[in-house]
Amino acid sequence: MRDNYGEGEISEAERFYVDEQLVATFRLDADHTSQTVHVDTAMGRLNHSYALCGEMYIRRPSGKVEIHQVSGEGVLYHPDGHHFEAIASRNFTEFYLVDRDEPESVERHPGHSSLCAAPTS
């Protein structure tokens with residue numbers, strides 16, 4: 001999986017889960033604009049759930065700084081050998097994985113991931 005520093009971002013912190021297990025943490029800023037991790041998946045399983053959870057700090061053209069809590073989830077189909085990218089879209093309201101070479105290898109579920117929900121106690 002790869003994540004890139006986006007236009008207008010000041011920094012980004014992200015957690016990547018596969019089958020509800022934390023497998024990678026990303027921290028991006030102007031000095032660290034991209035990060036790639038290789039994730040091994042469980043033997044014998046072809047499909048895996050994923051979730052992305054994170055915080056993005058954005059500087060608007062006006063100079064205002066905004067913090068966006070982002071999350072998304074879905075299913076990775078036969079992920080071995082695929083190169084997934086984390087994408088934030090629609091003014092940082094959607095956050096998901098894509099494989100530009102084989103888009104059918106990822107199913108994106110609409111909305112936010114419940115795995116990323118903050119504790120309510």
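Here, every reference points to the structure presented above.
Below or above, wherever it landed, is the structure these notes cover. What you are looking at is a predicted structure, and each value in this text was computed from that prediction instead of being measured.

Calculation rules
- Residues numbered from 1 in each chain as written.
- Predicted model: local features only at pLDDT ≥ 70, side-chain atom pairs only at ≥ 80, totals over all residues.
- Heavy atoms only, no water.
- Pairing = 2+ DSSP bridges.
- Helix = DSSP H or I, 4+ residues; strand = E, 2+ residues; numbered from the N terminus.
- Axes fitted to C-alpha atoms, helices over the stretch in contact; angles between N-to-C directions.
- 1 Å grid on protein atoms, 1.4 Å probe; cavity = no way out; pocket = protein on both sides within 12 Å on 5 of 7 lines; lining within 4 Å.
- Points joined across faces, edges and corners; volume = space filled by probe spheres on them.
- Salt bridge = Lys/Arg side-chain N within 4 Å of Asp/Glu carboxyl O.
- Buried < 20%, exposed > 50% of the residue type's maximum accessible area, 1.4 Å probe, protein only.
- Contact = heavy atoms within 4.5 Å.
- Core = buried A, V, L, I, M, F, W, Y, C linked by side-chain atoms within 4.5 Å.
- Patch = residues over 30% accessible without salt bridge, like charges linked within 9 Å, V, L, I, M, F, W, Y side chains within 5 Å.
- Areas by Shrake-Rupley, 256 points an atom, 1.4 Å probe, with all protein chains shown as cover.
- Polar contact = N/O pair within 3.5 Å; in protein donor to acceptor, adjacent residues only side chain to side chain.

## Describing the sheet that holds strand β3 (residues 21–29)
Okay, so step 1: One open sheet accounts for five strands, arranged β3-β2-β5-β6-β9; its pairing is antiparallel. Strand pairing shows two members of the sheet lacking a second neighbour, β3 and β9 (106–109), which therefore form its edges. Within the sheet, the average angular offset between the axes of one strand and its neighbour, ignoring direction, is 20°.
Okay, so step 2: Pairing of strand β5 (residues 47–59) with strand β6 (residues 65–77) involves 13 bridges; the strand directions are antiparallel. From the neighbouring strand, Tyr57 faces β6, where its bridge partner is Ile67.

## Quick word on the layout of surface pockets
Left-over empty space is what a probe sized like a water molecule reveals as it rolls over the atoms.
Okay, so step 1: The space that makes up the largest pocket amounts to roughly 440 Å³.
Okay, so step 2: Lining the largest pocket are 24 residues, with His38, Val39, Pro79, Gly81 and His82 sitting closest to its centre.

## Brief notes about the pattern of salt bridges
Okay, so step 1: Per the counting criterion, the structure on display carries six salt bridges.
Okay, so step 2: Among the salt bridges present, the one from Arg45 reaches Asp19, with a minimum N-O distance of 3.2 Å. You can see Arg45 sitting in the loop between β4 (34–36) and β5 and its partner Asp19 sitting in the loop between β2 (9–18) and β3, a full 26 residues away along the chain.
Okay, so step 3: Judged by relative accessible area, which is 43%, Arg45 ranks as partly exposed.
Okay, so step 4: Connected through shared salt-bridge partners, Arg90, Glu94 and Arg108 make up one network.

## Focus on the pairing of β2
Okay, so step 1: Of all 10 residues in β2, seven are buried; the element is thus mostly enclosed.
Okay, so step 2: Both β2 and β3 contribute to a ladder of eight bridges, which runs antiparallel. From the neighbouring strand, Tyr17 faces β3, where its bridge partner is Leu22.

## Comments concerning the environment of Asn91
Okay, so step 1: Within the secondary structure, Asn91 sits in the loop between β7 (85–89) and β8 (94–98).
Okay, so step 2: Overall, Asn91 belongs to the partly exposed group, its relative accessible area being 48%.
Okay, so step 3: For the pair Asn91 and Glu20, spaced 71 residues apart in sequence, the C-alpha to C-alpha distance is 26 Å.
Okay, so step 4: Apart from residues lying up to four places away in sequence, Asn91 is in contact with Arg60 and His68.

## Structural notes on the nonpolar core
Okay, so step 1: Grouped together as the largest cluster of nonpolar side chains are 20 residues, with contacts concentrated most on Met1, Phe16, Tyr50, Leu52 and Leu97.
Okay, so step 2: Residue assignment for this core shows that the elements contributing at least two residues are β2, β3, β5, β6, β7 and β8.
Okay, so step 3: Per element, the largest residue contribution to this core is four residues, and it comes from β5.
Okay, so step 4: Residues in contact with Tyr50, not counting those within four places in the same chain, are Phe16, Tyr17, Gly72, Glu73, Gly74, Val75, Leu76, Tyr96, Leu97, Val106, Glu107 and Arg108.

## Focus on a nonpolar patch on the surface
Okay, so step 1: A cluster of nonpolar side chains, contributed by Tyr57, Val65 and Ile67, occupies part of the molecular surface with about 260 Å² of accessible area.
Okay, so step 2: Turning to its location among the elements, Ile67 is positioned in strand β6.

## Quick look at the side chain of Ser71
Okay, so step 1: Of note, Ser71 is situated in strand β6.
Okay, so step 2: Looking at Ser71, its side chain comes within polar contact range of the side chain of His112, at 3.2 Å.
Okay, so step 3: Within the structure, the side chain of Ser71 is placed 3.1 Å from the backbone nitrogen of Ser113, a separation counted as a polar contact.
Okay, so step 4: Setting aside its immediate chain neighbours within four residues, Ser71 contacts Leu52, Cys53, Phe95, Gly111, His112, Ser113 and Cys116.

Limitation: the analysis is restricted to geometry and does not speak to function.
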